[in-house]
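What follows is the residue order along each chain.
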Amino acid sequence: MTGATDTLAAAPRGRSLWDDAFDSLRRNRAAMIAVALMLTVVVLVLFGPLLSPYDLYSTDWDRISQPPSVSTAHWFGTDDVGRDLFVRTLYGGRISLLVGLAATAVSLLIGIAWGATAGYAGGRIDQLMMRVVDVLYAMPFMFFVILLMVFFGRNIFLIFVAVGAINWLDMARIVRGQTLSLKKREFIEAARAGGVSPVNIVRRHIVPNLLGVVVVYVTLTIPQVILVESFLSFLGLGVQEPMTSWGALVNDGAQVMETAPWALMFPATFLAVTLFCFNFIGDGLRDALDPRDRSAGG
Amino acid sequence: MTALSPPLLDVDALSVTYTSERGVVRAVNQLGFELAAGETLGIVGESGSGKTQTALALMGLLPATAAVTGRAGFDGRNLLALAQAELNMLRGQALSMIFQDPMTALNPHLTVGRQMARVLERHQRLSRRAALAEAAVMLDRVRVPEARARLRQYPHEMSGGMRQRIMIATALLCRPRLLIADEPTTALDVTVQAQILTLMRELQAELGTAILLITHDMGVVAANCDRVLVMRNGEMREQGRVDEVFYRPADDYTRDLLAAVPRLDAQRPQRLAVIGAAEVAPSGREDYQPTDDVLLQVNDLEVQFAAGRAGWFGPRRYLRAVDGVSFDLHRGETLGIVGESGCGKSTLARAVLQLLDGYSGQVLLLGHDLSELDRARLTRTRRDLQVIFQDPLASLNPRMTVGDIISEPLLTFQPELSRAARLERVQALLGKVGLQPEHVNRYPHEFSGGQCQRIGIARALISGPELIICDEPVSALDVSVQAQVINLLMDLQQEMGLTLMFIAHDLAVVKHISHRVLVMYLGRVAEIAPRDALYREPRHPYTRALISAVPIPDPQLERNRDRTLLGGDVPSPLDPPSGCAFRTRCPLAAARCAAERPALRQVGDSLVACHFAESSRP
């Protein structure tokens, strides 16, 4: 027994497809710059507020609608009620990123489970599960959100629920399509012949092979969700004052665009940079995970 | 053909190189050959030998990343240095190409007539009407029945053989002086291959076209070429007249390549030569005989697939993929199953493996009816019933390590084993199938096709099965690798007393490995016989036609061979002929064949489903 364990330790580790993908991603300059920028944004959003002497709520009565200034430590200026925009932009970023990640995670979990089950089970179960998806698709999204708001009041968690509940539909469809094509592959038949249970086939053989597509889709979903949240906040259905998000800040800023352009410029820049980063990372991942590229190297 | 006339094509120092960040790849290296008018030159080699690259370079079809150097004199001009416009005028006009897969080489959105007419409109400035008339004449010439009606059809409405005829007709429209055929019959069944190759020979005699025939099949070369050029890793190993190269090969690689192919005319099976190995090891194979106890019994197996309805309200139609198949399999025996594509051999395998949702009839393993087992019992029984697939890479999960792949069945069948114990088993088995124990942590894509197939074999063996179903296990492999895998399977069988169901479309491979052979046609058994009896004295006319269609790597034998060529294509299994399924292509067909379905009956050593099995060879 120890003999086998020894040789296992000695056996060279192989290069998984993920290793290859990461290597190829590392060579993609645009994607790597995007990753670096993204990390900077995340670090700023998490720790930036600690640098500022101001907090999220307090009004600086002496400096209402003040342009950015280093001497007063209002680096991004203040809004029309004298709150520090640096702190508010970064707090807003927390909410926006949180909504993006949480809602995507929700849609990921439900979508993969639902899509893979439907695709692998096939037949009636598949029909039934996908018709449920179709019905949910047919619901007008805004109506759904407004209904939720009316019943439960404005609440940040409702936004997760609402966005997640819509986004998993796309995910489920993509995952089901992939599962259908994977299901016919010979290694799935080999697993069935090897007595592997359906649950384990989905878990061990189907889901890991889906992840490539899913990862790409996730990087494109996160910005989409952030935008949806911004849109809801813009309409006044999003986060509650005094909490804020990039969308809410852009909304506020847009109203004072002529007198205080900085109130629009800073949150909008953060939002745009983040969206760009996610899209570039998504593009890079799609190229890195593209099997055609890899087989060419032999 | 005469040595005096200047060659039509004169290739000198042709090199194709690719430069990437991983380094420089020499796909073709300093290749030189000549081709005279009306002559056929075969280029043979395994995958990666550069034979297709050579063809594409001559046609100017290589991607921009390829650097081509050298000279290819054609008609006083250098093909490799022509401007795009000149090349375009030459292509289709004076030189043409046929590709391996006629489905992807034809445009699926255009009718056949439209595609063919375009060539003539462009090169000979014919009107649409004249071009279509000319296309119909050419289709007649390549023996396409009802040529005029075919012009209005789309490629997907035709069979593979018909599509390849259309490709050939299109390539020959402008009477080119040089035709480059890149594996023209590799995607086709053996009876259709025989039709197409015969057709190409006849057309060549008529039109005097020079043919550059690229193939991996030594048999095809022997039957069709005047001269042959052997390539390996981008370099020429040998070239000469076929008889010289086949009977007196000067190069070691050529000799190994010839010895590595299982031959239909071999007297007794011996170990196949492995390329690079010094000596052919003697085999104890002749002594190995299967036992008498029945391991697997298949009774009247029938598998149907729903195939939509005939019209909106019409009756539901069913495709009968397997139609009443029965056979026994003895422990330690190898049963070869042959037939053309779509004959139901893979469906039969999946039914026996219990991978299909439903079938009728019985599959008995050691006397237990597998369809009556509950799920838990069935899972336990799967331990004795394993499978090896055709595509070595596709049958391995790309995200799992080799160790995890091979040991996966143990998780089900012996869950009590510890991780270390499983690993020990895997490593022992890796050694047995000719891989290194250190390979456990690697991933499938790091291995070659032959190595992947060994991994697949190890996975099938780990549970200690009684029966292994091999579904075309060597069809996707190169000749040399094929020889290794066949040798490995035969060694393992002898060592472990395995029973094999060996499905293949290559009759020579089946002859080499099997004790008995089952021939299928349109989901039915045509003939079951012990190997020697089947190949010596085939009773069913289909078996005879199949055997006679296989090209043998022996030029003189090929020239003097008397072939029974089958006409037509395999009928659609959606709408099989009444009575005997083979009657539409059978030379012996009579009124009785349409009325009455022949039962399987004993004739001599064989079980044959033919009303005229006793009648001697025509």
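It should be emphasised that the depicted structure is a prediction, and the values quoted were computed from it without experimental measurement.

**Looking at the overall build of chain A**
Then, number 1: Scanning chain A for helices and strands turns up 12 helices and zero strands.
Then, number 2: For chain A, the α and β elements follow one another from N to C terminus as α-α-α-α-α-α-α-α-α-α-α-α.
Then, number 3: Judged by the C-alpha coordinates and their principal axes, chain A covers about 75 × 50 × 40 Å.
Then, number 4: A total of 298 residues make up chain A; the buried ones form 40% of that total.

**Points about the overall build of chain B**
Then, number 1: Assigned secondary structure in chain B consists of 22 helices and 22 strands.
Then, number 2: By its C-alpha atoms, chain B is 75 × 60 × 50 Å across when sized along the principal axes.
Then, number 3: For chain B, the proportion of its 618 residues judged to be buried stands at 49%.
Then, number 4: Relative to all contacts within chain B whose residues are 6 or more apart in sequence, the contacts with residues 24 or more apart total 67%.

**Notes on the packing of helix α4 (residues 112-123) of chain B against helix α7 (residues 160-172) of chain B**
Residues and elements named next belong to chain B.
Then, number 1: For the pair α4 and α7, interaxial distance at closest approach is 9 Å and the crossing angle is 20°. Put simply, α4 runs roughly parallel to α7. Like other packed secondary-structure pairs, α4 and α7 cross with a definite hand, here right-handed. Taking contact as the criterion, the partners of Val112, Gln115, Met116 and Val119 in α4 are, on α7, Ile166, Ala169 and Thr170.
Then, number 2: Classifying every residue of the contact of α4 with α7 gives five nonpolar, two polar and no charged.

**Let's talk about helix α15 (residues 419-432) of chain B**
Residue and element names in this part refer to chain B.
Then, number 1: In a regular helix each residue adds 1.5 Å, so 14 residues correspond to 20 Å; α15 covers 20 Å between its end C-alpha atoms and thus fits that length.
Then, number 2: Among all positions in α15, only Arg422, Leu423, Arg425, Val426, Gln427, Leu429 and Leu430 are buried.
Then, number 3: Of the residues flanking the end of α15, it is Gly434, one or two places downstream, whose phi is positive at about 85°.

**Side note on the sheet that holds strand β6 (residues 95-98) of chain B**
Residues and elements named next belong to chain B.
Then, number 1: An order of β6-β7-β8-β3-β9-β10 is seen for the six strands of this open sheet, with the pairing classed as mixed. Strands with a single pairing partner mark the edges of an open sheet, and in this sheet they are β6 and β10 (235-241). Taken over all neighbouring pairs, the strand axes of this sheet differ in orientation by 15° on average, direction set aside.
Then, number 2: In this structure, strand β3 (residues 40-44) lies alongside strand β9 (residues 227-232), joined through four bridges in parallel fashion. Paired with Leu41 across the strands is Arg227, a residue of β9.
Then, number 3: The strands that helix α1 (residues 51-59) touches are β3, β6, β7 (178-182), β8 (210-215) and β9; relative to β7, the one it contacts most, it runs at about 145°.

**Looking at the interface of chain A and chain B**
Think of interface size as the accessible area that goes away when the parts come together; that is how it is often given.
Then, number 1: Taken together, the contact between chain A and chain B spans 27 residues of the former and 35 residues of the latter.
Then, number 2: Element by element, the count of residues in the side of chain A that touches chain B is highest for helix α8 (residues 186-193) of chain A, at seven residues.
Then, number 3: Among the residues making up the side of chain A that touches chain B, the classes are represented as 12 nonpolar, nine polar and six charged.

**Points about the sheet that holds strand β12 (residues 316-330) of chain B**
Then, number 1: Taken in spatial order, the four strands make up an open sheet running β12-β11-β14-β15 (chain B), and their pairing is antiparallel. Each edge of the open sheet is held by one strand with a lone partner, namely β12 and β15 (368-369) of chain B.

**Quick notes on the pairing of strand β1 (residues 9-20) of chain B**
Residue and element names in this part refer to chain B.
Then, number 1: Of the strand pairs in this sheet, β1 and strand β4 (residues 66-74) are connected by eight bridges, and their pairing is antiparallel. Its bridge partner lying in β4, Val16 is registered against Val68.
Then, number 2: Relative to strand β2 (residues 23-35), β1 runs antiparallel, the two being bridged by nine bridges. What sits directly across from Asp10, in β2, is Glu34.
Then, number 3: Between β1 and the antiparallel strand that follows it, β2, lie two residues.

**Thoughts on the nonpolar core**
Then, number 1: By size, the foremost hydrophobic cluster in this structure holds 255 residues, and its most contacted members are Ala135(B), Leu212(B), Met501(B) and Phe502(B).
Then, number 2: Here this core gets 15 residues from one element, more than from any other, and that element is helix α4 (residues 85-121) of chain A.
Then, number 3: Among residues more than four places away in sequence, those in contact with Phe502(B) are Thr334(B), Leu335(B), Gly336(B), Ile337(B), Cys470(B), Val510(B), Ile513(B) and Ser514(B).

**Points about α8(A)**
Then, number 1: Taken across its eight residues, α8(A) has eight buried, putting it largely inside the fold.
Then, number 2: Among the residues of α8(A), Glu186(A), Phe187(A), Ile188(A), Glu189(A), Ala190(A), Ala191(A), Arg192(A) and Ala193(A) are the ones counted as buried.
Then, number 3: For α8(A), the secondary structure elements touched by its buried residues are α7 (156-183) and α9 (198-235) of chain A together with β16 (385-388), α14 (402-413) and α16 (449-461) of chain B.
Then, number 4: Positive phi appears at Gly195(A), one or two residues downstream of α8(A), with a value of about 75°.

**Observations concerning the confidence of the model for chain A**
Then, number 1: Per-residue confidence for chain A gives a mean pLDDT of 79, with 92% of residues at or over 70.
Then, number 2: Confidence over residues 292-298 of chain A falls short of pLDDT 50; this stretch has four contacts with residues more than four positions distant or in other chains.

**Some thoughts on the environment of Val250(A)**
Then, number 1: Note on placement: Val250(A) falls in helix α10 (residues 246-255).
Then, number 2: With sequence-adjacent residues up to four places away left out, Val250(A) is seen in contact with Ser230(A), Phe234(A), Leu264(A), Pro267(A), Ala268(A) and Leu271(A).

Criteria and cut-off values
Residues numbered from 1 in each chain as written. Chains lettered and ligands numbered in written order. Predicted model: local features only at pLDDT ≥ 70, side-chain atom pairs only at ≥ 80, totals over all residues. Helix = DSSP H or I, 4+ residues; strand = E, 2+ residues; numbered from the N terminus. Buried ≥ 20, exposed ≤ 12 C-beta atoms within 10 Å, placed from the backbone. Contact = placed C-beta atoms within 7 Å. Axes fitted to C-alpha atoms, helices over the stretch in contact; angles between N-to-C directions. Parallel < 35°, antiparallel > 145°, perpendicular 65-115°, else oblique. Left-handed = near helix turned anticlockwise from the far one by under 90°. Nonpolar A, V, L, I, M, F, W, Y, C, P; charged D, E, K, R; others polar. Expected span 1.5 Å × (residues − 1). Pairing = 2+ DSSP bridges. Core = buried A, V, L, I, M, F, W, Y, C linked by C-beta atoms within 7 Å. pLDDT = per-residue confidence, 0-100.

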